[in-house]
Amino acid sequence: MTKIDELDVKIVKELQKDARASYRDIASKLKVAEGTVYNRVGKLKKEGVIKGFITDIDYGKMGYELVALIGLTVEGGKLPEVEKHVAQEPNVTAVYDVTGDYDALIVAKFKDRSGLNGLVKRTLAMKAVKRTYTMVVLNVMKETHQIEL
């Protein structure tokens with residue numbers, strides 16, 4: 001993997017602010033050539049640093065007001081298979097391997113309880129899943145896909 005330098009970080013910061021910003025605008029702000037930004041973004045995409053460009057959506061305003069965190073306990077050796085399957089569920093926004101009481105943690109968003117109920121039942125129906133523990137989010141205090149670099 002190519003080393004990420006200070007200019008790469010500055011470019012990523014600009015894209016975090018506005019993923020639709022033109023390379024020309026980013027180059028102007030950073031006082032570099034437009035071709036430099038183009039080449040750096042290409043390199044970052046090729047290296048997998050930039051995985052894509054997303055729209056920051058308030059899912060609550062789209063009707064997905066129910067957010068759940070679901071802890072999974074899975075039979076030994078079957079975790080990757082279970083996670084891969086669960087990750088394909090359309091309402092699942094994140095699947096994490098974790099330490100502690102659970103083997104994995106799922107984050108999912110729903111319009112109603114029946115959607116959550118369906119996911120939990122489908123997950124529990126998997127032979128390797130021993131147990132689930134569901135927590136419903138009462139208030140979202142912060143939710144972002146970005147950290148300060």
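To keep things clear, this report deals only with the structure shown in the data block.

Criteria and thresholds
- Counting starts from 1 at the beginning of each chain's written sequence and moves along it residue by residue.
- Side-chain atom pairs in this predicted model are given and counted only at pLDDT of 80 or more, local residue features only at pLDDT of at least 70, and totals for whole chains, interfaces and linings cover all residues.
- To get the side-chain values, all heavy atoms of the structure are used, and hydrogens and water are removed first.
- Helix and strand definitions here come from DSSP, where helices need a minimum of 4 consecutive H or I residues and strands a minimum of 2 consecutive E residues; each element is numbered from the N-terminal end.
- A helix's residues, less one, multiplied by 1.5 Å, set its expected span.
- Summary of the burial criterion: residues with accessible area below 20% of their type's maximum are buried, those above 50% are exposed, and those between are partly exposed, where the area comes from a 1.4 Å probe applied to protein chains only.
- Directions from the helix axis toward the C-beta atoms define the arc.
- Note on definitions: a residue-residue contact is assigned when non-hydrogen atoms from the two residues lie within 4.5 Å.
- Here an angle of 0 to 180 degrees is reported between the N-to-C directions of two axes, which are lines fitted to C-alpha atoms, with helices fitted over the stretch in contact.
- Relative orientations are named as follows: roughly parallel for angles under 35 degrees, roughly antiparallel for angles over 145 degrees, roughly perpendicular for angles from 65 to 115 degrees, and oblique for any other angle.
- Here the nonpolar group is Ala, Val, Leu, Ile, Met, Phe, Trp, Tyr, Cys and Pro; Asp, Glu, Lys and Arg are the charged ones; every other residue, Gly included, is treated as polar.
- Under the rule applied, a polar contact is a pair of N or O atoms within 3.5 Å (in protein, one hydrogen donor and one hydrogen acceptor; residues adjacent in sequence only if both atoms are side-chain atoms).
- Buried residues of nine kinds, namely Ala, Val, Leu, Ile, Met, Phe, Trp, Tyr and Cys, make up a nonpolar core once their side-chain atoms join them within 4.5 Å.

**Side note on helix 3 (residues 34-46)**
In this model helix 3 runs 18 Å from its N-terminal to its C-terminal C-alpha over 13 residues, within 8% of the 18 Å that 1.5 Å per residue would give. Restricting attention to buried positions, one finds in helix 3 the residues Val37, Val41, Lys43 and Leu44. Here the buried residues of helix 3 occupy an arc of 160 degrees about the axis, which is enough to place them on one side. Opposite its buried face, helix 3 presents the exposed residues Tyr38, Asn39 and Lys46, each directed more than 90 degrees away. On its buried face, helix 3 is in contact with helix 1 (6-17) and helix 2 (23-30). Backbone geometry just after helix 3 places Gly48 at a positive phi near 85 degrees.

**Thoughts on the packing of helix 1 against helix 3**
Relative to each other, helix 1 and helix 3 sit at 90 degrees, their axes nearing to 10 Å. With respect to helix 3, the axis of helix 1 lies roughly perpendicular. For the pair helix 1 and helix 3, the contacting residues are Leu7, Asp8, Ile11, Val12 and Leu15 in the first and Thr36, Val37, Arg40, Val41, Lys43 and Leu44 in the second. Considering only residue class, the contact of helix 1 with helix 3 consists of 7 nonpolar, 1 polar and 3 charged.

**Examining helix 1**
Relative to the 16 Å expected for 12 residues at 1.5 Å per residue, helix 1 spans 17 Å between its end C-alpha atoms, a close match to the ideal helical length. Looking at helix 1, one finds that the buried residues are Leu7, Asp8, Ile11, Val12, Glu14 and Leu15. With its buried residues spanning 160 degrees around the axis, helix 1 presents them on a single face. Within helix 1, the exposed residues directed more than 90 degrees away from the buried face are Glu6 and Lys17. Packing partners of the buried residues in helix 1 comprise helix 2 and helix 3. Backbone nitrogen of Leu7 and a side-chain oxygen of the N-cap are separated by 3.1 Å at the start of helix 1; the cap is Asp5.

**Focus on the nonpolar core**
Formed by 19 residues in total, the largest nonpolar core has its most connected members in Ile70, Leu72, Val82, Val86, Ile106, Phe110 and Leu116. Residue assignment for this core shows that the elements contributing at least two residues are strand 1 (66-74), helix 4 (79-87), strand 3 (104-110) and helix 5 (113-124). The element contributing the most residues to this core is strand 1, with 5 residues. When sequence neighbours within four positions are dropped, the list of residues in contact with Leu116 reads Leu66, Ala68, Ile70, Phe110, Thr134 and Val136. Leu15, Ile26, Ala27 and Leu44 belong to the second-largest nonpolar core, a separate cluster that totals 12 residues.

**As for the environment of Phe53**
Turning to its location among the elements, Phe53 is positioned in the loop between helix 3 and strand 1. Separated by 52 residues in sequence, Phe53 and Leu105 have C-alpha atoms that sit 25 Å apart.

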